[in-house]
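Letter by letter, the chains look like this.
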Amino acid sequence: MSETASASASGAGGGAGPTAARAAELRTAYEGMLQIRRLVNGTGDASVPAPWELRRMSRAVALALEAAGIAASAVDERGRRTRTGYRVAAGAEAGRVEVTWPGPAGGGAAEEEQERLTACSAVLEALGWVCLLYRGPRRRRFLEVEPQRRT
């Protein structure tokens, strides 16, 4: 998987809207991720994250969300939110990432965050991630995401 193809939208930077080229790139990256899982995890198992995903959790989680058609948040060159969507960032503890649902000021992101983060959780849990929904500062919700433990 090339660096360009595997670069996923984290929701922390700018971002143009979806294009046909980006959709094709994303499809290739996502299928590559699943194929790596099948090969590395043995017996064709794509149900838990592969070791590379554990080393680059933010990227892997963002790739899964973007591939599921969930929009990433975006900011302009001055750091102001221009689009509502997910944002993936390193978690408070090693081995975890946080998914939030930010948007432009007054855009209603806070009102839809529980529903949208629940949708993010469903996507991630189907791919072997464990998600817990919390309330953080200013009562804003966020997902804490970590890999499912292998049995």
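Conventions and cut-offs
Residues numbered from 1 in each chain as written. Predicted model: local features only at pLDDT ≥ 70, side-chain atom pairs only at ≥ 80, totals over all residues. Heavy atoms only, no water. Pairing = 2+ DSSP bridges. Helix = DSSP H or I, 4+ residues; strand = E, 2+ residues; numbered from the N terminus. Axes fitted to C-alpha atoms, helices over the stretch in contact; angles between N-to-C directions. Contact = heavy atoms within 4.5 Å. Parallel < 35°, antiparallel > 145°, perpendicular 65-115°, else oblique. Left-handed = near helix turned anticlockwise from the far one by under 90°. Nonpolar A, V, L, I, M, F, W, Y, C, P; charged D, E, K, R; others polar.

By definition, the strands of a sheet pair up through backbone hydrogen bonds, in either a parallel or an antiparallel sense. With antiparallel pairing, four strands are arranged side by side in an open sheet as 3-4-6-5. Whereas interior strands pair on both sides, the edge strands pair on one side only; in this sheet they are strand 3 (87-90) and strand 5 (129-135). In this sheet, neighbouring strand axes are inclined to one another by 30° on average, regardless of whether the strands run parallel or antiparallel. Two elements, strand 5 and strand 6 (residues 141-147), share seven bridges in a ladder whose sense is antiparallel. Pairing of Leu-132 across the sheet is with Glu-144, part of strand 6. Running at roughly 165° to strand 3, helix 4 (residues 57-67) makes contact with strand 3, strand 4 (97-100), strand 5 and strand 6 of the sheet.

Before going further, it helps to spend a moment on the packing of helix 4 against helix 5 (residues 109-126). It is the contact of helix 4 with helix 5, at a shortest axis distance of 10 Å, that shows an interaxial angle of 110°. The angle between the axes of helix 4 and helix 5 places the two elements in the roughly perpendicular class. Once helix 4 is placed against helix 5, the crossing between them reads as right-handed. Residues Val-61, Ala-64 and Leu-65 of helix 4 form the contact with helix 5, whose own contacting residues are Cys-120, Val-123 and Leu-124. In the contact of helix 4 with helix 5, the residues fall into six nonpolar, no polar and no charged.

Let us look at the pairing of strand 3. Two strands pair when backbone bridges link them, and strand 3 and strand 4 are joined in this way by four bridges, in the antiparallel orientation. Among the inter-strand pairings, Val-88 is bridged to a residue of strand 4, identified as Val-99. The antiparallel pairing of strand 3 with strand 4 creates a hairpin that spans six residues between the two strands, and Gly-95 there sits at a positive phi of about 85°.

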